[in-house]
Amino acid sequence: MVFSAFVLLAAVLGRVGHLYADPSYDELYHILAAQSWLTDGSLRLHQGSYERTPIFTALTGWMFWLAGEPNLAMARLPGVLFGSLGAAAAALWSRQVAGPAVGWIVAFFVVFWPSGIQLSQTIRFYTLHGLLFFVAAVAVYQLFAPRRKAATRLALTLVALTAVLSAKLFQDSTLVGVLGLAIWAAGFVALPILLRLRYRMVILVILSALLLAAVAAAFASGMLASIWAKYTISPWGRDVTAYHRVFSRFYPAVWSLTPLLAILALRSFPRPAAFCTTLVVVGLIVHSFAGVQNVRYIYYLTPFLFTLWAMGLAVLVPALARMMQRALRGFRGPLGHGRAPQFALAFIACFALVTQDAIPASVKLMLGRFAVPLARVADWSEARPQVERLVDDGALIVTNDDLSALYYLGGFDVVFSNNWLPEMNNTEFARDPRTGRPLISDPASLRALVRAYPHGAFVVSVEWWKQWPKNNSIGALLQAFDVPGVSLSTQRAGPVWILRWQGPAPGADDDASRAVRAIVDPGKWAR
């Protein structure tokens, strides 16, 4: 009890440094939709609706109601609570299944966990999803423990089902975790039982045939193709090395030893190590080859990786300490006498800790400073007067950041972005159901807007303008404004560039321009 309370308190204290930070892009989905929920019970976002995880959006709205205003710190408190509870639960479970040493090592990992600290202060559902999946996974682990009473197994089954179905409401990636649980149950629970049966070969052949038949049926029906298409879709491109690079950066020494630590853990803690190894290996492989990679997508798996590391370190570190003591015992000089070997080992341990980037990054985040993975967010408020004057003059407002434009400026007409939803099929000028406004990503489409509208402005963040040339042609973007009779002027307002174009009214009168106006005009922003 004392151990759990200590870890919980440490996790909470380390997860409140950025409660008052400006909102990030994804947070704005819940912030804006929650204000609509408070007003009329809808999930309205500009002219669309944000339907993802409505329960969490309602929770955000409820926190606003408790605060009496849209208070960001208040809305972030549930994430702090869920993240801290998940951290304490991971440390407590590892202590129960592998001993106090492993529990304390896991406690250290979950307290100094950069992405855990960041996501716990983000108005998003990742920490809640991680907590729910952890409950489901531990319930499954306990369900198959030996010598369980029938009533206990029934209760654990209900807990596991409830938790996993609740987790699925927030993230489809829950199914990846379920796959890992199923493989563990099949390989480490069912298979050993099956191998002890008299007719094991016959049963294995029948089960294999049934599995092949199910796969063939799913392939023939098109189900596998549909799953594969959803699994691999990406507006930004796949990066199969993303998670390897993340762990290599934040935990270079430990990550490089992961295979060795897994072997040591499996030797000394076979059951929990097999459980954690299966979840981590299956999860990292599936997520690495998915269409999109981000450290937040593996938040729910990371506590099991920490537990695997901790079990391996609990075996490796004492062995290394004994080896070092033997090596230093015959060492000539001060290192071979008195407590010098202990001090040498302490120095080696401290050096190993400070070279893990996760620790300085976590300390910075705890102190309210910015560090990867938390990025500073630009406040666009300074640009609002200029943009409002443009709107009053009838200008079309195009922006690279639809949510910042809504939150800081009050609206927009068209978004220039790669933030496609699958159902939009990367179709230029398709309406984004989240905001209800057209989305484009091709400079040719921006040029079509410049031709169709005699007066408009491209409102972009300075940071986006710096990043664009890294993967795209700045010349192609500027050519969008190279239209006969159109002049271009630029103005900076804080962290925002305003590229204003002015041409002959009423704009081009060809079929293409009329088609563009037919799409964009309905709902055009008028302040």
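An account of the accompanying structure is given in this report. (Residues numbered from 1 in each chain as written. Predicted model: local features only at pLDDT ≥ 70, side-chain atom pairs only at ≥ 80, totals over all residues. Heavy atoms only, no water.)

Counting its secondary structure elements, the protein contains 24 helices and 9 strands. For the protein, the spread of C-alpha atoms along the principal axes amounts to about 85 × 70 × 45 Å. Out of the 527 residues belonging to the protein, those deemed buried represent 47%. Residue pairs at least 24 apart in sequence account for 72% of intrachain contacts in the protein once pairs closer than 6 positions are excluded. Carbon and sulfur atoms make up 66% of the accessible area of the protein, which totals about 25,600 Å². Of the side-chain charges in the protein, 44 are positive and 27 negative, and the distance between the mean point of each set is 22 Å. (Helix = DSSP H or I, 4+ residues; strand = E, 2+ residues; numbered from the N terminus. Buried < 20%, exposed > 50% of the residue type's maximum accessible area, 1.4 Å probe, protein only. Contact = heavy atoms within 4.5 Å. Areas by Shrake-Rupley, 256 points an atom, 1.4 Å probe, with all protein chains shown as cover. Lys, Arg positive; Asp, Glu negative; His and termini not counted. Charge placed at Lys NZ, Arg CZ, Asp CG, Glu CD.)

Attention shifts here to the pattern of salt bridges. Note on pairing: side chains with opposite charge can pair once their charged atoms come close. One pass over the full model with this rule turns up 11 salt bridges. Arg44 serves as the salt-bridge partner of Asp40, at 3.6 Å between the closest nitrogen and oxygen. With a relative accessible area of 47%, Asp40 lands in the partly exposed category. With relative accessibility at 39%, the residue Arg44 sits in the partly exposed group. As a salt-bridge pair, Lys168 and Asp172 come within 3.0 Å of each other at their nearest N and O atoms. Taking the relative accessible area as the measure of exposure, Asp172 reaches 39% and is therefore partly exposed. What emerges from the salt-bridge pattern is a single network uniting Asp509, Asp511 and Arg514. (Salt bridge = Lys/Arg side-chain N within 4 Å of Asp/Glu carboxyl O.)

Approximately 740 Å³ is the volume found for the second largest pocket. Lining the second largest pocket are 25 residues, and of these Leu313, Val317, Ala349, Ala352 and Leu353 lie nearest its centre. The leading source of residues in the lining of the second largest pocket is helix α16 (residues 302-329), at 9 residues. The residue makeup of the lining of the second largest pocket, split by class, is 24 nonpolar, 1 polar and no charged. (1 Å grid on protein atoms, 1.4 Å probe; cavity = no way out; pocket = protein on both sides within 12 Å on 5 of 7 lines; lining within 4 Å. Points joined across faces, edges and corners; volume = space filled by probe spheres on them. Nonpolar A, V, L, I, M, F, W, Y, C, P; charged D, E, K, R; others polar.)

To continue, consider the side chain of Ser513. Position of Ser513 among the secondary structure elements: in helix α24 (residues 511-520). The exposure class assigned to Ser513 is buried, which follows from its relative accessible area of 1%. Not counting residues within four places of it along the chain, the set of residues in contact with Ser513 comprises Arg451, Ala452 and Ala508.

This paragraph deals with the sheet that holds strand β3 (residues 396-399). Where strands meet in a sheet, backbone hydrogen bonds hold them as pairs that are either parallel or antiparallel. Spatially, β5-β6-β4-β3-β7-β9-β8 is the arrangement adopted by the 7 strands of the open sheet, whose pairing is mixed. Bordering the open sheet on either side are β5 (430-431) and β8 (487-493), each of which pairs with just one other strand. When strand β7 (residues 455-461) meets strand β9 (residues 496-502), the two strands line up antiparallel, connected through 7 bridges. The partner of His455 across the bridge, within β9, is Gln502. Lying on the sheet, helix α19 (residues 384-392) is in contact with β3, β7, β8 and β9; it crosses β9 at an angle near 20°. Sitting on the sheet, helix α22 (residues 462-471) is in contact with β4 (414-416), β7, β8 and β9, with an inclination near 85° to β7. (Pairing = 2+ DSSP bridges. Axes fitted to C-alpha atoms, helices over the stretch in contact; angles between N-to-C directions.)

Together, Phe108, Phe347, Ile348, Phe351, Leu353 and Val354 line one region of the surface with nonpolar side chains, adding up to about 590 Å² of accessible area. The element best represented in the nonpolar patch is helix α17 (residues 340-354), accounting for 5 residues. You can see Val354 is positioned in helix α17. (Patch = residues over 30% accessible without salt bridge, like charges linked within 9 Å, V, L, I, M, F, W, Y side chains within 5 Å.)

Of note, the phi angle at Arg147 is positive, near 60°, even though the residue is not glycine. Within the secondary structure, Arg147 is located in the loop between α7 (126-143) and α8 (150-170). The backbone of Asn425 sits at a positive phi, close to 55°, despite the residue not being glycine. For Asn425, the position within the fold is in the loop between β4 and β5.

Take it as geometry only, folks, not as evidence of what the structure does.
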